[in-house]
Amino acid sequence: MSILTPPVAPTLQDNHEILDTLANRVSQCTQCKLAASRIQTVFYDGNPNARLMLIGEAPGQQEDEQGHPFVGRSGQLLTQMMASVGIDRKRDTYICNIVKCRPPGNRKPEADEMMACSGFLQAQLSIVQPAMILLVGSTAVQGILKIQQGITKIRGKWVDYLINTTGNQMTVAQAMPIFHPAYLLRNASMQENSPKWLTLQDLKAVSEKLKSLR
Ligand code: SF4
């Protein structure tokens with residue numbers, strides 16, 4: 001087997017069970033200081049067997065209250081924009097964040113917090129084994145690709161990302177950085193080349209790739 005050949009993935013039911021077990025462990029985690037101020041951990045939403053994984057920054061207030069990622073205003077905007085190009089949130093995506101607990105005041109997660117939580121994210125990647133990853137906003141880009149390049153320069157570009165699978169093999173996913181929807185809420189213009197217009201073009205490219213995988 002090639003080093004980049006994905007091994008047989010767990011079944012949908014298996015993925016649910018493995019992720020539920022992991023979610024239970026995460027809910028009791030106190031590995032970083034974010035544990036002290038959270039209402040609850042926010043682990044994932046969507047389809048555990050999706051080919052597309054969305055990775056955001058951190059839960060916000062609404063996510064902390066409801067226990068699901070991307071359910072606030074910015075999450076709703078991203079959900080609507082995906083739906084407009086044929087990407088169904090529940091069917092087509094697995095959604096999670098770099099850190100599973102809300103940073104106080106919605107500040108960016110700090111480096112030690114991202115490091116402490118990275119094992120849980122890597123476990124999610126290993127279990128779901130997505131073919132594509134959307135890195136939503138600059139913190140997700142820094143947390144996953146370990147680069148400091150501005151989101152404006154790298155959004156919309158596909159980057160290979162190696163995933164260590166549950167079978168201890170390597171598989172490659174195509175990752176694309178996109179603007180964070182919170183930024184799009186503050187820049188709502190749909191004029192050509194505006195951030196929102198560019199994000200729609202990025203999502204159209206993702207949708208096309210997704211269709212080719214169905
Ligand atoms: S952010 Fe992650 S590492 Fe920190 S307490 Fe929450 S689950 Fe644990």
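Right above here is the structure, for reference.
Rules behind the numbers
Residues numbered from 1 in each chain as written. Predicted model: local features only at pLDDT ≥ 70, side-chain atom pairs only at ≥ 80, totals over all residues. Heavy atoms only, no water. Salt bridge = Lys/Arg side-chain N within 4 Å of Asp/Glu carboxyl O. Helix = DSSP H or I, 4+ residues; strand = E, 2+ residues; numbered from the N terminus. Buried < 20%, exposed > 50% of the residue type's maximum accessible area, 1.4 Å probe, protein only. Phe/Tyr/Trp six-rings, centres within 6.5 Å; stacked < 30°, edge-to-face > 60°. Polar contact = N/O pair within 3.5 Å; in protein donor to acceptor, adjacent residues only side chain to side chain. Near = heavy atom within 4 Å. Nonpolar A, V, L, I, M, F, W, Y, C, P; charged D, E, K, R; others polar. Pairing = 2+ DSSP bridges. Axes fitted to C-alpha atoms, helices over the stretch in contact; angles between N-to-C directions. Parallel < 35°, antiparallel > 145°, perpendicular 65-115°, else oblique. Left-handed = near helix turned anticlockwise from the far one by under 90°. Contact = heavy atoms within 4.5 Å. Core = buried A, V, L, I, M, F, W, Y, C linked by side-chain atoms within 4.5 Å.

Engineer: Explanation requested: the pattern of salt bridges in the structure shown.
Structural biologist: A side chain of one charge can pair with a side chain of the opposite charge when the charged atoms of the two come close. All chains considered together, the criterion is met by eleven salt bridges. Here Arg89 ties to Asp45 by a salt bridge, and the two come within 2.8 Å at their closest N and O atoms. Of this pair, Arg89 sits in helix 4 (residues 89–92) while Asp45 sits in strand 1 (residues 45–46), and the two are 44 residues apart along the sequence. Under the relative-accessibility criterion, Arg89 is labelled buried at 12%. The salt bridge partner of Arg91 is Asp92, with a shortest N-O separation of 2.8 Å. The class of Arg91 is partly exposed, set by a relative accessible area of 47%.

Engineer: Would you explain the packing of aromatic side chains in this entry?
Structural biologist: Centre-to-centre distance and the angle between the planes together describe a pair of aromatic rings. Tallying each qualifying case throughout the model produces three aromatic pairs. Residues Phe43 and Tyr44 carry aromatic rings whose centres are separated by 5.9 Å and whose planes lie at 75° to one another, so their mutual orientation is edge-to-face. Each of the two residues, Phe43 as well as Tyr44, counts as buried. Each ring, one from Tyr44 and one from Tyr94, has its centre 4.7 Å from the other, and the planes form 15°; the classification is stacked.

Engineer: Looking at this structure, I do not really get the side chain of Glu113. What am I missing?
Structural biologist: Structurally, Glu113 can be placed in helix 5 (residues 111–128). Judged by relative accessible area, Glu113 falls into the buried class, the value being 0%. Polar side-chain contacts of Glu113 include one of 2.7 Å to the side chain of Arg107.

Engineer: Got a minute to help me understand the site of the ligand in this structure?
Structural biologist: Neighbouring residues of the ligand: Val26, Cys29, Gln31, Cys32, Leu34, Ala35, Arg38, Lys100, Cys101, Ala116, Cys117 and Phe120. The element that contributes the greatest number of residues to the shell around the ligand is helix 5, accounting for three residues. Of the residues in the shell around the ligand, the class split is nine nonpolar, one polar and two charged.

Engineer: Can you help me understand the sheet that holds strand 4 (residues 132–136) in this one?
Structural biologist: Adjacent strands of a sheet form backbone hydrogen bonds with each other and so pair up, either parallel or antiparallel. Taken together, the six strands give an open sheet; going across it, the order is 1-3-2-4-6-5, and neighbouring strands pair in mixed fashion. Each edge of the sheet is formed by a strand with only one pairing partner; in this case those strands are strand 1 and strand 5 (159–164).

Engineer: What am I meant to see in the packing of helix 3 (residues 73–84) against helix 9 (residues 195–213) here?
Structural biologist: Close contact between helix 3 and helix 9 brings their axes to 9 Å; oriented N to C, the two are set at 55°. As summarised for this structure, helix 3 and helix 9 are arranged oblique, according to the angle between their axes. The crossing of helix 3 and helix 9 is right-handed. When helix 3 is examined against helix 9, the residues Leu77, Leu78, Met81, Met82 and Ser84 are found in contact with a partner set consisting of Lys196, Thr199, Leu200 and Leu203. Classifying every residue of the contact of helix 3 with helix 9 by side-chain character gives six nonpolar, two polar and one charged.

Engineer: Hey, could you run me through the pairing of strand 3 (residues 93–97) in this one?
Structural biologist: Side-chain direction in a regular strand flips from residue to residue, so the side chains alternate between the two faces of the sheet. Strand 3 sits mainly inside the fold: five of its five residues count as buried. Burial along strand 3 is two-sided: the residues Thr93, Ile95 and Asn97 and Tyr94 and Cys96 are all buried. Note: strand 1 against strand 3, two bridges, orientation antiparallel. Residue Gly46 lies in a different strand from strand 3, and its bridge partner there is Tyr94. Bridge analysis of strand 2 (residues 52–56) against strand 3 gives five bridges, and the strand direction is parallel. Of the residues in strand 3, the one forming a bridge with Gly56 is Asn97.

Engineer: Please explain the nonpolar core as it appears in this structure.
Structural biologist: Buried together is how nonpolar side chains tend to be arranged in soluble globular proteins. In terms of nonpolar packing, the biggest core is built from 58 residues, with Ile55, Tyr94, Leu125, Ile133, Leu135 and Ile144 touching the most fellow members. Among the elements that make up this core, the one with the highest residue count is helix 5 (seven residues). Not counting residues within four places of it along the chain, the set of residues in contact with Leu125 comprises Met53, Ile55, Pro130, Ile133, Ile144, Tyr161 and Ile163.

Engineer: What should I look at first to understand helix 6 (residues 138–145) in this one?
Structural biologist: Every α-helix carries 3.6 residues per turn, so stepping three or four residues along brings you back to the same face. Counting buried positions along helix 6 yields six of eight residues, so the element is predominantly enclosed. The set of residues buried in helix 6 consists of Thr139, Ala140, Val141, Gly143, Ile144 and Leu145. Structurally, helix 6 contributes buried residues whose contacts are with strand 2, helix 5, strand 4, helix 7 (151–154), strand 5 and strand 6 (170–178). Immediately downstream of helix 6, the backbone of Lys146 shows phi near 60°, a positive value.

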